[in-house]
Amino acid sequence: TDVMNNNWRLSTHLLVNEASGSDYFSGLAIHFGEDDWIYWGREGESLVVRHMKKGILCSLPKIPTGGLELQIRRVGYRYTYQYKSIGEMQWITLGAFDAIPEPIKAGLTTRTWNQPQKVTVTFNQIILEKLIKYLDEDWSWSTGTFGTTCSVVGKDKIKIDVADIT
């Protein structure tokens, strides 16, 4: 499928099982071109959005303990970087940035630098999906029954209209 050229979300559960040092990164990555990457995830004891050339775009210096869910949402040229503790309902946005080039690929990564070290991580519940509609936008559809339509009128509201056809 041609997901990369559309609106999409990539998410995963991330658990760092073992890290013998703090010079490592583990999380999600987007590849835009030669030497043009954005990484979103755990870097030592911090959460960071790091551009390969520009450095750290935003960070959270102390991450919640335990496993995390990470998510990148692409809508148009806007990439939103979100996280939450596993089991929580509400996503927390760390940052959102525009990127003009179309992404070539997106996926998972773990890497180390500076010194030899051991890092063991678990990625679980990996999702890459194309986003068609957004629940915070108004939209509607036909039910197939004459005179009846359904519409989403906000994140928590669905309206059903039934015409009196007697």
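Further up the page is the structure itself.
Residues numbered from 1 in each chain as written. Predicted model: local features only at pLDDT ≥ 70, side-chain atom pairs only at ≥ 80, totals over all residues. Heavy atoms only, no water.

Of the strand pairs in this sheet, strand β4 (residues 46–51) and strand β5 (residues 55–60) are connected by 5 bridges, and their pairing is antiparallel. Note on β5: the bridge partner recorded for leucine 47 is leucine 60. The loop that links β4 with its antiparallel partner β5 comprises 3 residues. (Pairing = 2+ DSSP bridges. Helix = DSSP H or I, 4+ residues; strand = E, 2+ residues; numbered from the N terminus.)

Further remarks concern unusual backbone geometry. We note that aspartate 35 has phi near 55°; this positive angle belongs to a residue other than glycine. By secondary structure assignment, the location of aspartate 35 is in the loop between β2 (24–33) and β3 (36–43).

Take the sheet that holds β4 next. Taken in spatial order, the 5 strands line up as β5-β4-β3-β2-β9 in an open sheet, and their pairing is antiparallel. Either end of the sheet is taken by a strand with one partner, and the two such strands are β5 and β9 (105–112). Pairwise comparison of adjacent strand axes, ignoring direction, gives a mean angle of 20° for this sheet. (Axes fitted to C-alpha atoms, helices over the stretch in contact; angles between N-to-C directions.)

Attention now goes to the nonpolar core. Counting residues in hydrophobic clusters, the biggest one holds 21 residues, and the most contacted among them are Trp40, Leu47, Ile72, Tyr79 and Tyr81. Every element with two or more residues in this core is listed here: β1 (8–19), β2, β3, β4, β6 (68–75) and β7 (78–85). If sequence neighbours within four positions are ignored, leucine 47 has contacts with Trp40, Gly41, Arg42, Cys58, Ser59, Leu60, Ile63, Leu68, Leu70, Tyr83 and Leu94. (Core = buried A, V, L, I, M, F, W, Y, C linked by side-chain atoms within 4.5 Å. Buried < 20%, exposed > 50% of the residue type's maximum accessible area, 1.4 Å probe, protein only. Contact = heavy atoms within 4.5 Å.)

Right, let's get into the pairing of β1. Note that β1 and β6 share 7 bridges and pair antiparallel. Across the sheet, the residue bridging to serine 11 is glutamine 71, located in β6. The sheet contact formed by β1 and strand β10 (residues 119–130) spans 10 bridges and is antiparallel. Each bridged residue has a counterpart across the sheet, and for leucine 15 the counterpart in β10 is threonine 122.

This paragraph deals with the sheet that holds β10. Strands sit in the order β8-β7-β6-β1-β10 across an open sheet of 5 strands; the sheet is antiparallel. Sheet topology places β8 (92–98) and β10 at the edges, where each strand pairs with a single neighbour. Averaged over neighbouring strand pairs, the angle between their axes works out to 15° when direction is ignored.

So, about the pattern of salt bridges. This structure, assessed with the given rule, holds 6 salt bridges. In this structure, the salt-bridge partner of arginine 74 is glutamate 102, at a minimum N-O distance of 2.9 Å. Here the residue arginine 74 occupies a position in strand β6, and glutamate 102 occupies one in the loop between β8 and β9, the gap between them amounting to 28 residues. Judged by relative accessible area, which is 35%, glutamate 102 ranks as partly exposed. Among the ionic pairs, arginine 78 bridges to aspartate 98, the shortest N-O distance being 2.7 Å. Highlighted residues: arginine 78 in strand β7 and aspartate 98 in strand β8, separated in sequence by 20 residues. (Salt bridge = Lys/Arg side-chain N within 4 Å of Asp/Glu carboxyl O.)

Here we take up the environment of valine 121. In this structure, valine 121 sits in strand β10. For valine 121, a relative accessible area of 21% corresponds to the partly exposed category. For the pair valine 121 and alanine 19, spaced 102 residues apart in sequence, the C-alpha to C-alpha distance is 8.6 Å. With sequence-adjacent residues up to four places away left out, valine 121 is seen in contact with Leu14, Leu15, Val16, Asn17, Ser26 and Thr110.

This brings us to the side chain of histidine 13. Its location among the elements puts histidine 13 in strand β1. Here the side chain of histidine 13 touches glutamine 125 through a polar contact of 3.4 Å, side chain to side chain. Leave out the neighbours within four places in its chain, and histidine 13 touches Leu68, Glu69, Ile86, Thr122, Phe123, Asn124 and Gln125. (Polar contact = N/O pair within 3.5 Å; in protein donor to acceptor, adjacent residues only side chain to side chain.)

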